[in-house]
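# Fold and contact review
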Amino acid sequence: MNQIPVTVLIGFLGSGKTTLLNRLIEQSPNERIVVIINEFGDTGIDHDLVLENYDEQIYQMNNGCMCCILRQDLVEMFMGILNAQAKHDLQIDRIIIETSGLAEPSPIAQTIIRSNVLSEQLIIDSIITLVDTENFLYQVRNFTETVDQIAFADTIFLTKTDLVDDTKLALVKKTLFDINPFVDVKAIDVKSVAFDQVVGLDLFDRFTSGSELVEGDIDVMIARKEGKERLQHEHAHNHEDEHEHHHDHSHEHDGENEHHHEHSDVNAFTIIVDRPLVEQKFVYWLNMVTNIYGMDLLRYKGILNVEGFDRQVVLQGVNMAYSIDYGKEKVAENEPSKLVIIGKKLPEKVIRELFEETVVAV
Ligand SMILES: Nc1nc2c(ncn2[C@@H]2O[C@H](COP(=O)(O)OP(=O)(O)OP(=O)(O)O)[C@@H](O)[C@H]2O)c(=O)[nH]1
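These remarks concern the structure in this document. Quick caveat: nothing in here was measured; it's all calculated off a predicted structure.

So, on to the site of the ligand. The immediate surroundings of the ligand are formed by 15 residues, with Gly 14, Lys 17, Thr 18, Thr 19 and Lys 160 found nearest. With respect to the ligand, the backbone of Ser 15 contributes an N or O atom lying 3.1 Å from an oxygen atom. Between Thr 19 and the ligand, the recorded distance is 2.4 Å, taken from a side-chain N or O atom to an oxygen atom. Burial of the ligand by the protein amounts to 69% of the accessible area it has alone, namely 650 Å². Ranked by residue count, the leading element in the shell around the ligand is helix H1 (residues 17-26), at 3 residues. In the shell around the ligand, the residues fall into 4 nonpolar, 6 polar and 5 charged.

How two aromatic rings sit relative to each other is given by the distance of their centres and the angle of their planes. Going through the model one piece at a time under the given rule, you end up with 6 aromatic pairs. Consider the rings of Phe 12 and Phe 143, whose centres lie 4.8 Å apart with planes at 45 degrees: the pair is tilted. Of the two residues, Phe 12 is situated in the loop between strand S1 (4-11) and H1 and Phe 143 in the loop between helix H6 (136-142) and helix H7 (144-152); the sequence distance between them amounts to 131 residues. Since its relative accessible area comes to 29%, Phe 143 is described here as partly exposed. A centroid spacing of 5.6 Å and a plane angle of 35 degrees characterise the contact between Phe 282 and Trp 285, whose relative ring orientation is tilted. You can see Phe 282 and its partner Trp 285 sitting in helix H11 (residues 279-293), 3 residues apart, about one turn around the helix.

Right, let's get into the pattern of salt bridges. For the structure on display, the rule yields 8 salt bridges. Residue Asp 132 pairs with Lys 160 through a salt bridge whose shortest N-O separation is 3.2 Å. Highlighted residues: Asp 132 in strand S5 (residues 122-132) and Lys 160 in the loop between strand S6 (155-159) and helix H8 (166-179), separated in sequence by 28 residues. With a shortest N-O distance of 3.1 Å, Glu 353 and Lys 349 are connected by a salt bridge. In this pair, Glu 353 and Lys 349 are both assigned in helix H12 (residues 348-360), 4 residues apart and thus about one turn of the helix distant.

Let's shift gears to a negative patch on the surface. A surface patch of negative charge is lined by Glu 307, Asp 310, Glu 329 and Glu 333. For Asp 310, the location among the structural elements is in the loop between strand S11 (297-304) and strand S12 (311-318).

Alignment of S6 against strand S7 (residues 184-187), held across 4 bridges, turns out to be parallel. Counted as the bridge partner of Thr 155 is Asp 184 from S7. Read from S6 through H8 to S7, the crossover connection turns out right-handed.

As a further point, take the environment of Gly 14. Looking at the secondary structure, you find Gly 14 in the loop between S1 and H1. A sequence separation of 117 residues divides Gly 14 from Val 131, and the C-alpha atoms of the two residues are 9.2 Å apart. Residues within four places of Gly 14 in sequence aside, it is in contact with Asp 132 and Lys 160.

It is worth spelling out the environment of Glu 31 at this point. Inspection of the secondary structure assignment puts Glu 31 in the loop between H1 and strand S2 (33-38). Separated by 63 residues in the primary sequence, Glu 31 and Arg 94 have C-alpha atoms spaced 7.4 Å apart. Residues within four places of Glu 31 in sequence aside, it is in contact with Asp 93, Arg 94 and Phe 195. In this structure the side chain of Glu 31 is engaged in a polar contact, spanning 2.9 Å, whose partner is the side chain of Arg 94.

Formed by 47 residues in total, the largest nonpolar core has its most connected members in Phe 78, Ile 95 and Leu 122. It is helix H3 (residues 72-87) that provides the largest number of residues to this core, a total of 6 residues. Filtering out sequence-adjacent residues up to four positions away, Leu 122 remains in contact with Gln 3, Ile 4, Val 6, Phe 78, Leu 82, Ile 95 and Ile 112. In terms of nonpolar packing, the next biggest core, distinct from the first, is built from 26 residues, Leu 297, Leu 339, Val 359 and Val 360 among them.

By the criterion of burial, S6 is predominantly enclosed, with 5 of the 5 residues buried. Across the two faces of S6 the burial is the same, with Thr 155, Phe 157 and Thr 159 and Ile 156 and Leu 158 all buried.

This part takes up H3. Residue pairs spaced three or four apart in an α-helix point in one direction, given the helix's 3.6 residues per turn. Taking 1.5 Å of rise per residue, 16 residues should cover 22 Å, and H3 covers 22 Å from first to last C-alpha, within 8% of that figure. Residues of H3 that are buried include every one of Asp 73, Leu 74, Val 75, Met 77, Phe 78, Gly 80, Ile 81, Leu 82, Ala 84 and Gln 85, and no others. Note on H3: the residue one or two positions beyond its end, Asp 89, has a positive phi of about 50 degrees.

Conventions used here
Residues numbered from 1 in each chain as written. Predicted model: local features only at pLDDT ≥ 70, side-chain atom pairs only at ≥ 80, totals over all residues. Heavy atoms only, no water. Near = heavy atom within 4 Å. Polar contact = N/O pair within 3.5 Å; in protein donor to acceptor, adjacent residues only side chain to side chain. Areas by Shrake-Rupley, 256 points an atom, 1.4 Å probe, with all protein chains shown as cover. Helix = DSSP H or I, 4+ residues; strand = E, 2+ residues; numbered from the N terminus. Nonpolar A, V, L, I, M, F, W, Y, C, P; charged D, E, K, R; others polar. Phe/Tyr/Trp six-rings, centres within 6.5 Å; stacked < 30°, edge-to-face > 60°. Buried < 20%, exposed > 50% of the residue type's maximum accessible area, 1.4 Å probe, protein only. Salt bridge = Lys/Arg side-chain N within 4 Å of Asp/Glu carboxyl O. Patch = residues over 30% accessible without salt bridge, like charges linked within 9 Å, V, L, I, M, F, W, Y side chains within 5 Å. Lys, Arg positive; Asp, Glu negative; His and termini not counted. Charge placed at Lys NZ, Arg CZ, Asp CG, Glu CD. Pairing = 2+ DSSP bridges. Right-handed = clockwise from strand over helix to strand, strands pointing away. Contact = heavy atoms within 4.5 Å. Core = buried A, V, L, I, M, F, W, Y, C linked by side-chain atoms within 4.5 Å. Expected span 1.5 Å × (residues − 1).

Structure below.
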């Protein structure tokens, strides 16, 4: 079954989400799109009514901010959409969610990733954050939601750049990169942007719950992603193995690339190791950190040099879920591994020490 791509539009109040959504809808004659809108306080539309009158294809959530509670309502809404698809024998091509300006994206993503039924049928296309360039600097100082929206974004669209000068634009970009060092940032005009510049970007990776990952699973996960047959591995899923210490000679250094941030409660930092990682040790650390810090890990990404792999290994994660993939060919056998971690009040020192003890120490 084809998974339906879900595009999540987030952004502070007035950042241009509705204007963008209208622009997308008016441009998409050949796609059957379902739109979910989450507004504060508006009167909702009865799901069943909408389903019977399917042409409208617009669902509305009105029970407050989309981030605040367990997203059981979102699960039910998605199930309603999927059931309607089956009942009416329709193919829905795409779902677009416009969130309330105060929403945090994490629970929306978690709802899709963590529900087995939903994750079989839906796939997150991209999490797109719109940033009102004119008002962003004020918003980021005063509303933690804004920081979360930046930290979580796969890509950021700057709106209202026509209202600011170059100095302000540069400051906004710098602030964005301070919060999320690996995000793409692009100025768009929401009134004229092309459909395929916004949807179908496929930026959000397929995440797998990492709690049972053991040595050898990196191969397995990549193979699965590439649609190949599951690789046969000799390794036993033996947790004692994970504690075994190998002798390698890598060491971590707190390089000048490190990012420290003062933006509300979100922090970001970089770990660089200049020798190849031992898979078993790295996996052990990753399992531990994801299990301990779970929802506080907003985003993490690593370009890793792992012993025994010809190519770089790319790690991308959200909360407890992450994906692992091949990156480019290694340039040098000893090229450094780099990990960027963004989270909520993460104890950087503790995480570094844990890394030092479990991954780097001989
Ligand atoms: N000058 C200018 N105005 C813009 C731009 N993008 C959006 N706007 C205007 O900003 C206002 C807010 O846009 P909306 O699309 O309603 O923003 P929103 O994010 O949906 O706002 P909420 O519903 O409050 O969350 C509208 O008047 C838009 O016309 C832009 O690039 N330049």
